[in-house]
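# Per-entry structural report
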Amino acid sequence: MLNQIQWTLLVALAGVICLHSTSATGCPAGTYLLTSGLACGPCPMNSFCRPAANTPQPCPGVLVTASSGVRSLAGCVNPPGFRYVPGSAQPSARPCEINTFSLGLAGQTSCTPCPAGTATDPEAPIGEQTNSSSCRAPPGFFFTGDGVYPCAAGSFKAGYTGHNVKCTTCEAAGRVGFTTAAAMSTSELSCTALKPGYAPVIRGVTQLASVSVASISLGSLTARLCPHDHWCPGGEAAGQGYARPCPDGMMTQDTGATSPEQCVAPPGYRFDATTETAVECNNGFFSSGWGRAESCTPCGVNPAAIDDAVGWHSEGMLRLPVRDPNNGLPMRWLSVRGNATSCFIRRGMGILISTNGGLRAVACPANFHGTPEEKRFGLRLLSCTACPVGQGGTNGTCTACPDNLMTGTEGAAAQAECELPVGSAGTSSGGATTHLTAVNVSSLTGIADCPDSHYCPGGSPVGAGVPQACPIGITVQAPPGTSSSACNSIQAGYTPVGSSRPILTAIATVAGITGTAACPQDYYCQAYSVGN
């Protein structure tokens, strides 16, 4: 007679054993009588067949068999994902507890614990914990070849995952500027903490104060780099994560500041350590950098104390934007003393090198001129220069004399030193008026030839340069006359007078002539030139 092992092998090879149904012993264990009654077949999977069985007996409950041809109840075992519960009358199987698994099919009475750090999905269907791959990285963790690690702050992972499934960063999920409050986050909803250097934005408005929890949703809450002139420490938008303005006058050089130390004095300002604010540079000073320097740079060795004083001056020549925290666009512009080109000297001043090597702004003395510009910007040397011939002035400026008037030498100190040329008289009103008496230079607009019957020696129009009239009856033969000797032409009907009596004969020189008189009775007097 075949034993159980031989019988099982024979069933496996032949699939069926042909026996007479009338055999006194019936079908052996592990087989059952087929419906034809003429042969025995192998006991099917998940059932057992005792000796002489006419029908297979199903394994109780969820028990299964590892193969067909099982000969007794003892061949019914736990399926994968279950543990075997022995029982003499009725064995059974129970699902593996969470965080365990079972290969099954071997009567294991306990499930195998998952490796450290891994877990099974509590939402998985019963019986799916069939091997070690059922042990996965839980939410908030990721699996690598050498263990399970928590998702770092700023990333998350939902669900139970196997190998090669990494945590997702907030930025990769579209939450730029956000992080999580802690490690091991399990959802994008955890990405609500602002990274340092980012400010919360709700419906386009940068939040400059703590945000109410009710207003926070993934749809409405976004982030942008911390705006200019603010600093953003990061944190929950409903806590301390809002943007804070820099102290008075302080600015940031760029966006994304993370601490108040990045708020500095901008160009044109200095840092006041006592008040921790920025103070504008005074007149005569400038500041070109961003930082916390506590003093501005003097333009030279003698900054002007007041606006109209002699010395260095400065004014805002650099434009600095004050930006909108919502869009970064300039709201207004500051004109600041932000570089050396902000320094200037006023009209009539020069720039010299002082004994200590610095630049000194000086007022040019009388008879010298400095810059002709109202304001001369920059730190370039400029010497005081003597006024040229024909110009004079004070306060370091040279002004041209009225048209065709001139000074005798260089270095004239005032307009009053402008003189009439020899043979000329001063005019005004565009030449319409010729002045034959003393007149101030400031009243003159030009010159004209010395008028008839006059001679013009040249010089000051209020002194020796005033045109002089020839004696009555005498005129200038070849104008313009430049001296009294030019009065040498006796007019018809007149005779020269010398020693208080008429001279009735021709004379060779005007010397001794004191005037003229009407031609005496019984004489006629023709015009003639003295000496002809």
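I will try to describe carefully the structure that is included in this document. In every chain, residue numbers begin from 1 and rise along the written sequence. Side-chain atom pairs in this predicted model are given and counted only at pLDDT of 80 or more, local residue features only at pLDDT of at least 70, and totals for whole chains, interfaces and linings cover all residues. In computing side-chain properties, one takes all heavy atoms of the structure into account and sets aside hydrogens as well as water.

A few words now on the state of the cysteines. Cysteine sulfurs are considered disulfide-paired once they come within 2.5 Å of each other. What the rule picks out here adds up to 15 disulfides. Here C170 pairs with C191 through a disulfide, and the sulfurs are 2.1 Å apart. Around the S-S axis, the bridge from C170 to C191 shows a dihedral of about -80 degrees and counts as left-handed. Within this pair, whereas C170 is found in the loop between strand 13 (168-169) and strand 14 (178-179), its partner C191 is found in the loop between strand 14 and strand 15 (193-194), the two being separated by 21 residues in sequence. Each member of the pair, C170 as well as C191, is classed as buried. With a sulfur-sulfur separation of 2.0 Å, C364 is cross-linked through a disulfide to C384. With the S-S dihedral at roughly -85 degrees, the linkage between C364 and C384 falls on the left-handed side. Taken together, the residues span a long stretch of sequence, with C364 in the loop between strand 31 (359-363) and strand 32 (368-369) and C384 in the loop between strand 33 (375-377) and strand 34 (385-386) at a distance of 20 residues. Classification of C364 by relative accessible area gives buried; the value is 5%. Counting from the N terminus, the helices are the DSSP runs of H or I reaching at least four residues and the strands are the DSSP runs of E reaching at least two. With a 1.4 Å probe rolled over the protein chains alone, any residue whose accessible area is under 20% of its type maximum counts as buried; one over 50% counts as exposed, and the rest are partly exposed.

Turning our eyes to something else, we now look at the pattern of salt bridges. Salt bridges, as used here, are contacts in which a Lys or Arg side-chain nitrogen is within 4 Å of a carboxyl oxygen on Asp or Glu. As enumerated under the stated definition, the model contains six salt bridges in all. Among the ionic pairs, K195 bridges to E171, the shortest N-O distance being 3.8 Å. Taken as a pair, K195 in the loop between strand 15 and strand 16 (198-202) and E171 in the loop between strand 13 and strand 14 lie far apart in primary sequence, 24 residues in all. Take K195: its relative accessible area is 30%, and that puts it in the partly exposed class. Among the ionic pairs, R337 bridges to E280, the shortest N-O distance being 3.8 Å. Separated by 57 residues along the polypeptide, R337 in the loop between strand 28 (330-336) and strand 29 (343-346) and E280 in strand 23 (residues 277-280) bring together distant segments of the chain. Accessibility expressed as a relative area gives 15% for R337, which makes it buried.

Residues enter a nonpolar core if they are buried and are Ala, Val, Leu, Ile, Met, Phe, Trp, Tyr or Cys, with the set joined through side-chain atoms within 4.5 Å. Counting residues in each nonpolar core, the largest one holds 14 residues, and the members touching the most others are M250, Y269 and L334. Mapped onto this core, the elements with two or more residues apiece are strand 22 (269-272), strand 27 (318-323) and strand 28. Here, residues are in contact when the closest pair of their heavy atoms is within 4.5 Å. Once residues within four sequence positions are removed from consideration, M250 is found in contact with D229, C263, V264, A265, F271, E276, T277, A278 and R292. Counting residues in each nonpolar core, the second largest holds 10 residues, with F178, I202, V211 and A237 among its members.

The next subject is the environment of A469. Structurally, A469 is set in strand 41 (residues 468-469). Exposure remark for A469: the relative accessible area of 53% places this residue in the exposed category. Expressed as a C-alpha distance, the spacing of A469 and L436, which sit 33 residues apart in the sequence, is 8.6 Å. Beyond its immediate stretch of four places on either side in the chain, A469 contacts S453 and H454.

Let us look at the pairing of strand 11 (residues 147-150). Following DSSP output, two strands are said to pair if at least two bridges run between them. Bridge count for strand 10 (residues 141-144) against strand 11 is four bridges, and the pairing is antiparallel. Looking at strand 11, one finds that F142 is bridged to Y149.

Before going further, it helps to spend a moment on the side chain of S102. Residue placement: S102 occurs in the loop between strand 8 (100-101) and strand 9 (112-113). Look at S102 and you get buried, because its relative accessible area is 2%. With near-sequence residues (within four places) excluded, S102 lies in contact with N78, P80, G81, F82, C96, Q108, C111, Q129, T130 and N131.

What the three strands build is an open sheet, ordered 26-29-33; its pairing is antiparallel. What marks the edges here is a single partner per strand, and that holds for strand 26 (313-314) and strand 33. Note: strand 29 against strand 33, three bridges, orientation antiparallel. Note on strand 33: the bridge partner recorded for F344 is F377.

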